[in-house]
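Coordinate analysis (summary)
The residues making up each chain are set out below.
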Amino acid sequence: MDIETHSKFTDLLSKTLSTSNIKYANGDTGEAYVVYNDDGIMFTITFRNDMNKYEFTCTNLFKSQYAKHGLASDTKLNYDEIFETVAFAYKIEQIAIRAHRDFSIIYNDILIDSDVIYQMRGDFETYMVTNSGIAGFAIGHNKKTGQYGFKRYELVNTLYTVCSISPDKKPNYAKLYKRAKDQYMAQVAVKNIQHLYDF
């Protein structure tokens, strides 16, 4: 798929996911997502563990959107990328549902399966949290002054908007800093163990 086609399909997929519901199912042979809206099922994307491959089933309803986005009906698609995008959208949808009860769930859930990057920013020992390559937040602590530094990025700002959370709502910095640091230390430990078994 060339860059222009990829861009057009990404736009179609994003618009579809923003106006659709997602159902998730898993079993012994794999896991699947069904994307649907009021008009019907748009598509299903499945990863089959037993065959180590992706399966994409596109309905005529979804294909009817191809022409509107300048895509040919036989466009070759990157199934693993579609699967990851839908899985990420589903995860965000689930976070949003739970965040209506307690906004701090956003931070706790983002830390799961995130990449945490350690940085020194001036005197602040800082942990930058990204999920699927999208920046979530950074939390830092200055040991000399006891101050915390905090910044929200694209992912958390989007979740605040989706969940109608007031921008002035801030997490407990001390608890969040500890969680982010613990997650970082766990990642380092896993990488060190994996390195021991690299030949």
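Residues numbered from 1 in each chain as written. Predicted model: local features only at pLDDT ≥ 70, side-chain atom pairs only at ≥ 80, totals over all residues. Heavy atoms only, no water.

Quick look at the overall build of the chain now. When its secondary structure is counted, the chain shows six helices and eight strands. What you see in the chain, going N to C, is helices and strands ordered as α-β-β-β-β-α-α-α-β-β-β-β-α-α. The dimensions of the chain, computed from C-alpha atoms along their principal axes, are 60 × 50 × 35 Å. Residues classed as buried in the chain amount to 35% of the 199 residues present. Across the chain, the fraction of contacts at a sequence separation of at least 24, relative to all contacts at a separation of at least 6, is 43%. (Helix = DSSP H or I, 4+ residues; strand = E, 2+ residues; numbered from the N terminus. Buried < 20%, exposed > 50% of the residue type's maximum accessible area, 1.4 Å probe, protein only. Contact = heavy atoms within 4.5 Å.)

With respect to the element layout, T126 can be found in strand β6 (residues 124–131). Judged by its relative accessible area of 4%, T126 is buried. A distance of 3.2 Å separates the side chain of T126 from the backbone oxygen of F124, its partner in a polar contact. (Polar contact = N/O pair within 3.5 Å; in protein donor to acceptor, adjacent residues only side chain to side chain.)

Here the focus is the pairing of strand β8 (residues 148–152). Inspection of the sheet shows strand β7 (residues 134–142) paired to β8 by five bridges, in the antiparallel sense. From the neighbouring strand, G140 faces β8, where its bridge partner is G149. Between β7 and the antiparallel strand that follows it, β8, lie five residues; G146 among them carries a positive phi value of about 80°. (Pairing = 2+ DSSP bridges.)

In this structure, N52 is a non-glycine residue whose phi angle is positive, near 55°. For N52, the location among the structural elements is in the loop between β3 (40–48) and β4 (53–58). Backbone geometry places S164, a non-glycine residue, at a positive phi of 55°. Note that S164 resides in the loop between α5 (154–162) and α6 (173–196). We classify S164 as exposed; its relative accessible area is 65%.

Glancing now at the nonpolar core. In terms of nonpolar packing, the biggest core is built from 24 residues, with I106, I110 and F137 touching the most fellow members. Breaking this core down by element, the ones donating at least two residues are α3 (79–99), α4 (105–111), β6, β7, α5 and α6. Here this core takes five residues from α3, the largest share from any one element. I106 has contacts with I95, A99, V156, L159, Y160 and I165, leaving out every residue within four places of it along the chain. In this structure, L13, F43, L77 and Y90 belong to the second largest nonpolar core, which totals 21 residues. (Core = buried A, V, L, I, M, F, W, Y, C linked by side-chain atoms within 4.5 Å.)

Everything listed here is a matter of coordinates, which is why it stays silent on function.
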